[in-house]
Amino acid sequence: MTDTFAGYPADTLSFLEELGGQDKAWFDANRSRYQASVVEPTKALVAGVGARLAASLAPDISAEPRSNGSISPINNDRRFAPDKPPYKDHVLLRFWEGPSRKTSPTLFLRIGVEGIGYGVGAALPDLDRWRALIDDDATGGPLASAITVLGTGRALDVDGAGYKRVPKPFAEDHPRAALLRHKAGFQARWVEPVPASIGSARFVDHCMTRLEACAPIHRWLVTNL
């Protein structure tokens with residue numbers, strides 16, 4: 001791992017695009033290429049973005065530059081989805097604030113040939129609490145406003161609405177009906193074209209601008225959940 005992120009090499013996105021359709025034999029034969037084009041620069045990116053997030057957003061945010069830490073494994077879990085290819089065609093990074101990597105409020109980065117994804121979200125283990133927060137104008141209003149602001153000028157996808165109808169006893173025309181329909185989690189995310197800065201240290205600044213835009217929602221999740 002290099003001390004600082006200097007950019008992804010030109011081969012990174014090409015490698016990920018190829019990897020998405022390959023098998024283990026191909027991956028094993030190209031493991032050194034994977035290490036140089038994906039693993040090492042990604043570890044440096046996690047360290048760089050994590051340090052910046054700790055300084056500007058949350059001193060206690062977790063950024064672990066390793067697989068099954070901030071870096072999701074490159075292989076797909078096919079136990080419950082055997083039709084998936086063996087490997088992903090992207091790198092998924094997470095920076096979380098709280099005790100659990102899987103459920104705590106988290107900022108996301110997704111790097112692939114189709115674009116760079118950014119997101120913020122959390123699991124919702126206590127739906128009664130979530131619904132009470134969303135129903136209350138004093139807490140639900142600020143979250144809805146923060147989502148509106150984040151979505152201005154972006155094709156924002158708010159994911160997690162697992163129920164088709166607003167749960168009782170809330171009215172179908174509730175001003176935050178969509179948020180009341182969430183079931184297991186909440187995530188606000190969007191994708192942008194791959195910037196030219198991906199090949200340089202300036203990519204950290206590019207990512208930070210987007211992740212800092214997610215700060216109001218992240219802080220709401222940390223404070224309330």
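Coordinates for the structure precede this section.
What you see is a predicted model; the values in this text were computed from it and never measured.

The next point concerns the nonpolar core. One finds I111 and I217 to be the most contacted residues of the largest nonpolar core, which totals 60 residues. If one sorts the elements of this core by residue count, helix 3 (residues 31-56) sits on top with 8 residues. Among all residues touching I111, those that are not within four sequence positions of it are Y8, L13, L16, L45, H90, V91, L93, I116, I198 and F203.

Positionally, P193 belongs in the loop between strand 5 (182-192) and helix 7 (202-213). Given a relative accessible area of 66%, P193 falls into the exposed group. Considering only alpha carbons, one finds P193 and T152, 41 residues apart in sequence, at a separation of 17 Å. Each residue touching P193, except ones within four places of it in the same chain, is listed here: G115 and I116.

The next subject is the sheet that holds strand 2 (residues 106-112). Spatial strand order, 1-2-3-5-4: 5 strands in an open sheet with antiparallel pairing. At either end of the open sheet lies a strand with only one pairing partner, and these are strand 1 (90-96) and strand 4 (157-161). With direction set aside, neighbouring strand axes in the sheet form an average angle of 20°. Strand direction decides the pairing type here: strand 1 and strand 2, joined by 7 bridges, are antiparallel.

Our focus in this paragraph is the packing of aromatic side chains. One pass over the full model with this rule turns up 10 aromatic pairs. Measuring from centroid to centroid gives 5.8 Å for F15 and Y34, while their planes differ by 25°, and the two rings are stacked. Within this pair, whereas F15 is found in helix 1 (residues 11-19), its partner Y34 is found in helix 3, the two being separated by 19 residues in sequence. Among the aromatic side chains, those forming a connected cluster through ring pairs are F15, W26, F27, Y34 and Y87. The residue whose ring lies beneath R154 is W190, and the NZ or CZ to ring-centre distance is 4.6 Å. Here the guanidinium or amino end of K183 rests over the ring plane of Y163, the centre of that ring lying 5.5 Å away.

Our focus in this paragraph is the pattern of salt bridges. Evaluated as defined, the whole model comprises 14 salt bridges. Measuring nitrogen to oxygen at the nearest pair gives 2.8 Å for the salt bridge that ties D11 to R33. Taken as a pair, D11 in helix 1 and R33 in helix 3 lie far apart in primary sequence, 22 residues in all. One salt bridge in this structure joins D159 and R189, with 3.8 Å as the shortest N-O distance. Placement of D159 in strand 4 and of R189 in strand 5 is noted, with a sequence separation of 30 residues between them.

Reading the values: the criteria
- Residues numbered from 1 in each chain as written.
- Predicted model: local features only at pLDDT ≥ 70, side-chain atom pairs only at ≥ 80, totals over all residues.
- Heavy atoms only, no water.
- Core = buried A, V, L, I, M, F, W, Y, C linked by side-chain atoms within 4.5 Å.
- Buried < 20%, exposed > 50% of the residue type's maximum accessible area, 1.4 Å probe, protein only.
- Helix = DSSP H or I, 4+ residues; strand = E, 2+ residues; numbered from the N terminus.
- Contact = heavy atoms within 4.5 Å.
- Pairing = 2+ DSSP bridges.
- Axes fitted to C-alpha atoms, helices over the stretch in contact; angles between N-to-C directions.
- Phe/Tyr/Trp six-rings, centres within 6.5 Å; stacked < 30°, edge-to-face > 60°.
- Lys NZ or Arg CZ within 6 Å of the ring centre and 35° of its normal.
- Salt bridge = Lys/Arg side-chain N within 4 Å of Asp/Glu carboxyl O.

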